[in-house]
Amino acid sequence: MWALRRSSSSLKKQKFISGSCRVSCTTNEVTGRYSEGKSVGISNEIANRSLSFRGFCKTAHGSSKLFLGRQNFSSLVGTKTSSEIDSDLDDGFSELEGPTETEIMIETNGEDELVSECELSGDDVEMPQDNKKSMELLKAITAAPVLGIDRVMDKWVEKGNDLTRREITLTMRYLRNRHMYGRALQLSEWLESKKQLIFTEREYAAHVDLVAKVHGLQKAEIYIERVPKSFRSEEVYQSLLANYASKGYMKKSEEIFNKMRDLGLPITNFACSHLLLLYKRIDKKKIPDVLSIMEKENMKRTDFIYQILIDAKGQSNDIAGMEQIVETMKSEGIEPKMSTKSIMAKHYIFAGLVGKAENVLKQMEGEIKEDSFAFRHLLALYAALKKADDVHRIWQLCEPNARTDECMAAIEAFAKLRKIEEAEAIFDKMSKEGKTLTSKHYYPLLRAYASHNMLEKGKDLVKRMSESGCPIGPLTWDGLIRLYIKAGELEKADSILQKAAQHAHLKPKFISYTAMMDEYAKRGDIHNSEKMFYQMKKYGYDRRIRQYKCLIQAYINAKAPCYGIADRMKADNVFPNRALANMLSKSDPFKKTAVSEFLN
């Protein structure tokens, strides 16, 4: 377990000393092959410690696909979990994604995909109805043509309207929650250029995040060079770090982390948490390196840091290690939150420890009154246990005052239990409550139809969406693609994906491409797998382990040699985890066998 010593003194902002505690990743320069679990720099600091980190040598179960929690890690920016950082966001402008608790995991075809809560779950953050001016401004911005925000704002000011920080804060938060990043960026650019808002470190950090989302990470780095040096604080670099980490760029994330230290900027829980999240996904053996830094800096672990460590141990099937971390957490006076208990229950379920999972669920039920998100967790977890009676029981408790996010969680839970009629009834209830439904509200039922090969019902639901005036976008495209994949109509699914990719202002989701790649890989269709791989790069999706896994599997199923794949990965700064390394070995055309050794 990660039971590092900590000083009793409180965390202070300290500067790193050059040459110490560097994060790095390495490749074998001689062979060009990647070495797992070997790093230089900060790893050396713990090389002689007798700490127990062996839990990561186990194979992750890889099946923990639950819709849990309320965290937005599509960008990972703004997941400030310590009270110190949270208090910095009172004005809301730099609240890049809002306070968060744990990862949202949706059940996909063989992958845990980190997605935005705003797309799949949660009630929309509404503009306060008593703020008439803010409502008018927001309507003007959302109704403006693309690239027309400048004109809207100029007219707004010409009419004598004041722009208060509160109005800006509410508008920015609304645009971000709806993923209107382009409009949010235009507004931020207008505010900066017209001197309508005095930018501080937080405003610059928020702007960096928007540039990264809209124009890419390289443009975000270029923008930082334009930020006045006095404002290039840890918040600005943390924004860039979080975006790189969310996309799985390990080497680049480590470079930014080290640059922050070289500049003498404080290393915070925020920065460390993003590295931990990155290593949890890509290379768990590097987690102790980050913990070593935290120990040296006397950084107290937050409940969010503990959540990451608990989840990492669970993913590695190290249940004993997971439980030890929970005990350490409690010994430091941090009681596990509902989201933490959900993570524990999830891993107990997939480890086959049903009794332990049920004990945690009973604890969670006792906290329903204290945690408004309890119903969502419980519905998902009881569905994973295939306990239909408990899902019904929890839904009956929740139904009288159910919010849209709880209705969506119930739809997913009943769909998992193959109770489609119940899921449809809940959707009808949600649609009759008077709220305008967006594509995210239709998506769980559409995915349910796709999972159960109900093509006609899925098509009818999309028609219903269109007739109601609901915009058709990436979530709907993804649902349709999965409908046709499940129905065996791969050409039709591919056709929808190609048409969607031509959209001027939206692009298909990452998971839509990987769903297609998975299906082509199953068929050993190298040509179309490579086509999808190329298109993902063309339309702005950076190379990830997930994409290479699909591609290599296509070569393996086709029984074809996969020449140069290791070099391609190296060029894309993609470092294989244990599972991918095994796949690489299988696909190696020059791999020696007992027979080849004998013949040679």
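As the structure is a prediction and not an experimental result, all values here were calculated from the model.

Here is what the cut-offs are and how they apply
- Residues numbered from 1 in each chain as written.
- Predicted model: local features only at pLDDT ≥ 70, side-chain atom pairs only at ≥ 80, totals over all residues.
- Heavy atoms only, no water.
- Helix = DSSP H or I, 4+ residues; strand = E, 2+ residues; numbered from the N terminus.
- Buried < 20%, exposed > 50% of the residue type's maximum accessible area, 1.4 Å probe, protein only.
- Contact = heavy atoms within 4.5 Å.
- Areas by Shrake-Rupley, 256 points an atom, 1.4 Å probe, with all protein chains shown as cover.
- UniProt positions renumbered as here; feature names shortened; annotations may be inferred.
- Salt bridge = Lys/Arg side-chain N within 4 Å of Asp/Glu carboxyl O.
- Axes fitted to C-alpha atoms, helices over the stretch in contact; angles between N-to-C directions.
- Parallel < 35°, antiparallel > 145°, perpendicular 65-115°, else oblique.
- Left-handed = near helix turned anticlockwise from the far one by under 90°.
- Nonpolar A, V, L, I, M, F, W, Y, C, P; charged D, E, K, R; others polar.
- pLDDT = per-residue confidence, 0-100.
- Patch = residues over 30% accessible without salt bridge, like charges linked within 9 Å, V, L, I, M, F, W, Y side chains within 5 Å.
- Lys, Arg positive; Asp, Glu negative; His and termini not counted.
- Charge placed at Lys NZ, Arg CZ, Asp CG, Glu CD.
- Phe/Tyr/Trp six-rings, centres within 6.5 Å; stacked < 30°, edge-to-face > 60°.

Participant: Any chance you could break down the overall build of the protein for me, citing the residues and the numbers?
Facilitator: If you tally the helices and strands in the protein, you get 30 helices and 2 strands. Counting every position in the protein, which comprises 600 residues, the buried fraction comes to 57%. Of all intrachain contacts in the protein linking residues separated by at least 6 positions in sequence, the fraction that spans at least 24 positions is 71%. If you sum the accessible surface of the protein, you get close to 26,500 Å²; carbon and sulfur atoms cover 49% of it.

Participant: Lay out unusual backbone geometry with the relevant residues and their values.
Facilitator: A positive phi angle, close to 65°, is found at N317, a residue other than glycine. Positionally, N317 belongs in the loop between α13 (303-315) and α14 (319-331). Judged by its relative accessible area of 31%, N317 falls in the partly exposed class. Of note, the phi angle at K386 is positive, near 65°, even though the residue is not glycine.

Participant: Would you mind going over the UniProt feature "repeat: PPR" (unreviewed entry) in the protein in detail, with residue names and values included?
Facilitator: The positions that UniProt labels "repeat: PPR" (unreviewed entry) are, in the present scheme, residues 233-267, 302-336, 438-472 and 509-543. Within the segment residues 233-267, helix and strand shares are 74% and 0% respectively, and the terminal C-alpha atoms sit 11 Å apart. Secondary structure across residues 302-336 comprises 74% helix and 0% strand; the distance between its end C-alpha atoms is 11 Å.

Participant: Quick one: what's the story with the side chain of K341, residue by residue and with numbers?
Facilitator: Along the chain, the position of K341 falls in helix α15 (residues 338-350). For K341, a relative accessible area of 9% puts it in the buried group. If we ignore the near neighbours within four places in the chain, the residues touching K341 are P336, V360, Q363, M364 and E367.

Participant: Can you break down the pattern of salt bridges residue by residue, with the values?
Facilitator: If you walk through the whole model with that rule in mind, you get 32 salt bridges. In this structure, R403 and D405 form a salt bridge, with 3.4 Å as the shortest nitrogen-oxygen distance. Across the salt bridge formed by R523 and E519, the nearest N and O atoms sit 3.9 Å from each other. Through salt bridges with shared partners, a single network forms among R376, R403, D405 and E406.

Participant: So what's going on with the packing of helix α24 (residues 490-501) against helix α25 (residues 510-522)? Which residues, and what values?
Facilitator: For the pair α24 and α25, the least separation of the axes is 11 Å and the interaxial angle reads 150°. Our classification of the angle between α24 and α25 gives roughly antiparallel. Relative to α25, α24 is oriented so that their crossing is left-handed. Two secondary-structure elements touch here, α24 through L490, A493, D494, L497 and A501 and α25 through S512, Y513, M516, E519 and Y520. Its residues assigned to classes, the contact of α24 with α25 shows 7 nonpolar, 1 polar and 2 charged.

Participant: Help me get a handle on the confidence of the model for the protein, residues and values and all.
Facilitator: Counting all residues, the mean pLDDT for the protein is 78, and 76% of those residues have values of 70 or more. Across the protein, α14 holds the top mean pLDDT of 96, while strand β1 (residues 105-107) sits lowest at 27. Every residue in residues 593-600 is under pLDDT 50, and counting partners more than four places away or in other chains gives 1 contact.

Participant: Account for a positive patch on the surface, naming residues and giving values.
Facilitator: A contiguous patch of positive charge, built from K132, K133, R151, K155 and K159, is present on the exposed surface. At the level of secondary structure, the elements contributing two or more residues to the positive patch comprise α3 (132-143) and α4 (149-158). Within the secondary structure layout, R151 lies in helix α4. Residue R151 is classed as exposed on the basis of its relative accessible area, which comes to 52%.

Participant: Summarise the packing of helix α11 (residues 269-282) against helix α12 (residues 287-296); cite the residues concerned and give the values.
Facilitator: Packing of α11 against α12 leaves a shortest axis separation of 9 Å and a crossing angle of 165°. By the angle between their axes, α11 is roughly antiparallel relative to α12. Both α11 and α12 take part in a crossing whose hand is left-handed. Here N269, C272, L275, L276, Y279 and K280 of α11 come into contact with α12, specifically with I287, V290, L291 and M294.

Participant: Please provide a residue-by-residue account of the packing of aromatic side chains, values included.
Facilitator: Aromatic rings in a pair are described by how distant their centres are and how their planes are angled relative to each other. One pass over the structure, following the stated rule, counts 5 aromatic pairs. Centroid distance F427 to Y442: 5.1 Å. Interplanar angle 55°. Geometry classified as tilted. Separated by 15 residues along the polypeptide, F427 in helix α20 (residues 420-431) and Y442 in helix α21 (residues 439-451) bring together distant segments of the chain. Like Y442, F427 is buried.

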